[in-house]
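Next come the chains, spelled out residue by residue.
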Amino acid sequence: MTVEPRIGTAGPAMIDPFGRAVTYLRVSVTDRCDFRCTYCMSEHMTFLPKRDLLTLEELDRVCSAFIRKGVRKLRLTGGEPLVRRDMMTLVRSLGRHLATGALDELTLTTNGSQLARFAGDLAAAGVRRINVSLDTLDADRFARITRWGRLEQVLEGIEAATRAGLKVKINTVALRNENEAEIPSLIEWAHARGHDITLIETMPLGDIDEDRTDQYLPLSLVRSRLEERWALENLPDRTGGPARYVRIRETGGRLGFITPLTHNFCESCNRVRLTCTGTLYMCLGQADAADLRAPVRASADDALLDAAIDEAISRKPKGHDFVIDRQHKRPALRRHMSVTGG
Ligand code: SAM
Ligand code: SF4
């Protein structure tokens, strides 16, 4: 498949060796978080030293370089993006690219804990849609899954976001023996409030305290159970992302499935991921990465940075290679989701 470079961007578009245009950048602005979700982190995490982090100005510079090169959609994530100090400064600053039309969408993925505080500011900066992670509506289960989180705070955050005019999509990780039985009621809850909801299969990223093979719940199974209850109508994939969408006839809402352990979305992959230390991962499921912090810090001019980005894109691999190592119960990749931001 050949992809025509976008016209109207200042620099040459980023086309990888497999003809895919890179138009989507996900940025993990911090590896820290106010939750410790069992599938994501261990309870006692060692976080990166602050001096290793890109400053907010440096993050802005790298994001802006990508936008100049054809990125049209930017997602801020983490860790928890809204716990990074002065985060709104970065959001407001990146919002200028929406105003000029260089960027189509600025969005974020959040656990919702700080949304009640920031929803209005996000909307004012030009954010229109956000993803909020919510795995359960049961307060005790919520506390068990997130270890440190409080359900009520997140529900208040979602309400504040809706009031501020933000479109909210719910992300739910499907967890065997945990929220498994609750999935239909979560879907009903989301659709009754006008939220799309996407189910995510657990990915083997990073050491956690639990056994990942215990948590793994195949979405193929979830889907066939839902089909016994509801009529699921396949929708054409309009996001270019990893989710497959259906409409549930009875609720009228959209439901997505993200199944990273299958290779069903690598062919259309349009994205790369930047960590808060300036490491660029060209694929969520591969270890290969490029350092963009050194070129950023080496000169105030963007020539080195631009060259490093081009070189990295020329190494974007064809696909990933996730496996939960069932014999050794080790993650396929040692890096946590909170580093690359999902
Ligand atoms: N803290 C924010 C949040 O929870 O939405 C943003 C970062 S979090 C790493 C992004 C998404 O990745 C969340 O929806 C979370 O549920 C999901 N996630 C984290 N670890 C995962 C794993 N091992 N497998 C699948 N999804 C995971
Ligand atoms: Fe934090 Fe999000 Fe990971 Fe949960 S999934 S620990 S909220 S980064």
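Just so it is clear, the model here is predicted, and its values are computed rather than measured. (Residues numbered from 1 in each chain as written. Chains lettered and ligands numbered in written order. Predicted model: local features only at pLDDT ≥ 70, side-chain atom pairs only at ≥ 80, totals over all residues. Heavy atoms only, no water.)

**Q** What is the right way to look at the overall build of the protein chain in this model?
**A** Summing up its helical and strand segments, the protein chain has 12 helices and 12 strands in all. For the protein chain, with 342 residues in total, the buried portion stands at 58%. A total accessible area of about 14,900 Å² is found for the protein chain, and carbon and sulfur atoms account for 50% of it. (Helix = DSSP H or I, 4+ residues; strand = E, 2+ residues; numbered from the N terminus. Buried < 20%, exposed > 50% of the residue type's maximum accessible area, 1.4 Å probe, protein only. Areas by Shrake-Rupley, 256 points an atom, 1.4 Å probe, with all protein chains shown as cover.)

**Q** Quick question: what am I supposed to make of the pairing of strand 6 (residues 196-200) here?
**A** Successive side chains on a regular strand alternate, one facing one side of the sheet and the next facing the other. Among the 5 residues in strand 6, 5 count as buried, and that is most of the element. Neither face of strand 6 is open: one carries D196, T198 and I200, the other I197 and L199, and all of them are buried. In the sheet, strand 6 pairs with strand 9 (residues 254-258) via 4 bridges, with the strands oriented parallel. Note on strand 9: the bridge partner recorded for T198 is G256. (Pairing = 2+ DSSP bridges.)

**Q** What should I look at first to understand the packing of helix 1 (residues 56-68) against helix 2 (residues 87-94) in this one?
**A** Helix-helix packing: each pair is described by the crossing angle between the helix axes and the interaxial distance. Taken N-terminus to C-terminus, the directions of helix 1 and helix 2 make an angle of 25 degrees; their axes are 10 Å apart at the nearest point. Considering the angle they form, helix 1 stands roughly parallel to helix 2. Crossing hand, helix 1 versus helix 2: right-handed. For the pair formed by helix 1 and helix 2, the contact residues are L56, L59, D60 and C63 on the first element and T89, L90, S93 and L94 on the second. Here the residues of the contact of helix 1 with helix 2 are counted per class, giving 5 nonpolar, 2 polar and 1 charged. (Axes fitted to C-alpha atoms, helices over the stretch in contact; angles between N-to-C directions. Parallel < 35°, antiparallel > 145°, perpendicular 65-115°, else oblique. Left-handed = near helix turned anticlockwise from the far one by under 90°. Contact = heavy atoms within 4.5 Å. Nonpolar A, V, L, I, M, F, W, Y, C, P; charged D, E, K, R; others polar.)

**Q** What am I meant to see in the sheet that holds strand 6 here?
**A** Whether parallel or antiparallel, the strands of a sheet pair through hydrogen bonds between backbone atoms. One open sheet holds the 12 strands; their spatial order is 7-8-9-6-5-4-3-2-1-10-11-12, and the pairing between them is mixed. The open sheet has two free edges, formed respectively by strand 7 (232-234) and strand 12 (289-291), since each of these has just one partner strand. Taking each pair of neighbouring strands and ignoring which way they run, the sheet shows an average axis angle of 25 degrees. In the packing of helix 1 onto the sheet, contacts are made with strand 1 (24-28), strand 2 (73-77), strand 10 (271-274) and strand 11 (279-281), and the angle to strand 1 comes to roughly 170 degrees. The sheet strands contacting helix 6 (residues 151-163) are strand 4 (129-133) and strand 5 (167-173), and the helix crosses strand 5 at an angle near 150 degrees.

**Q** Please clarify how the pattern of salt bridges should be interpreted in this entry.
**A** Note on pairing: side chains with opposite charge can pair once their charged atoms come close. Applying the stated rule across the entire model yields 22 salt bridges. For D302, the salt bridge goes to R61, with nearest N and O atoms at 2.8 Å. In this pair, D302 is assigned in the loop between helix 10 (293-298) and helix 11 (303-313) and R61 in helix 1, connecting sequence segments 241 residues apart. For K73, the salt bridge identified is with E105, shortest N-O distance 3.7 Å. Here E105 lies in strand 3 (residues 105-110) and K73 lies in strand 2, a separation of 32 residues in the sequence. Each of R61, R68, D302 and D306 takes part in one network of salt bridges that share partners. (Salt bridge = Lys/Arg side-chain N within 4 Å of Asp/Glu carboxyl O.)

**Q** Before we go on, may I ask you to explain the site of ligand 1 in this structure?
**A** In the neighbourhood of ligand 1, 19 residues make up the surrounding shell, with Y39, G79, S133, V173 and M203 lying closest. Between ligand 1 and E80 there is a distance of 3.2 Å, counted from a nitrogen atom to a side-chain nitrogen or oxygen. Between an oxygen atom of ligand 1 and a side-chain N or O atom of S133, the distance comes to 2.5 Å. Its free accessible area being 540 Å², ligand 1 has 95% of it covered by the protein chains. Listing elements by their share of the shell around ligand 1, those giving two or more residues are strand 3 and strand 5. (Near = heavy atom within 4 Å. Polar contact = N/O pair within 3.5 Å; in protein donor to acceptor, adjacent residues only side chain to side chain.)

**Q** Help me out: how do you make sense of the pairing of strand 10 in this one?
**A** By the alternation rule, side chains of strand 10 split into R271 and R273 and V272 and L274, which are all buried. Pairing analysis gives 4 bridges linking strand 1 to strand 10, with the strands arranged parallel. Paired with Y24 across the two strands is R271, which belongs to strand 10. Looking at chain direction, strand 10 and strand 11 are connected through 2 bridges and run antiparallel. Along strand 11, the bridge assignment pairs R273 with Y281.

**Q** So what exactly am I meant to see when it comes to the confidence of the model for the protein chain here?
**A** Where the model shows low pLDDT, its predicted coordinates should not be examined in detail. Mean pLDDT over the protein chain: 90, with 87% of residues reaching 70 or higher. Across residues 1-10, where pLDDT falls below 50, the model places 15 contacts with residues more than four positions away in sequence or in other chains. (pLDDT = per-residue confidence, 0-100.)

**Q** Would you explain the site of ligand 2 in this entry?
**A** Taken together, C33, F35, C37, C40, M41, G79 and N111 form the complete shell of residues around ligand 2. Of the residues that constitute the shell around ligand 2, the class distribution is 5 nonpolar, 2 polar and no charged.

**Q** What is the right way to read the packing of aromatic side chains from this model?
**A** Aromatic ring pairs are described here by two measures, namely the spacing of the ring centres and the angle between the planes. In the structure shown here, the tally under the stated rule is 1 aromatic pair. Arranged with centres 5.9 Å apart and planes meeting at 90 degrees, the rings of F35 and F142 form a pair that is edge-to-face. One end of the pair, F35, is in the loop between strand 1 and helix 1; the other, F142, is in helix 5 (residues 139-146), with 107 residues separating them in the sequence. Both residues of the pair, F35 and F142, count as buried. (Phe/Tyr/Trp six-rings, centres within 6.5 Å; stacked < 30°, edge-to-face > 60°.)

**Q** Would you mind showing me how to read unusual backbone geometry here?
**A** For D86, which is not a glycine, the phi torsion comes out positive at approximately 60 degrees. Summarising the element assignment, D86 is placed in the loop between strand 2 and helix 2. The exposure class assigned to D86 is exposed, which follows from its relative accessible area of 52%. Not every positive phi belongs to a glycine, and N177 is a case in point at roughly 60 degrees. In this fold, N177 is placed in the loop between strand 5 and helix 7 (183-192).

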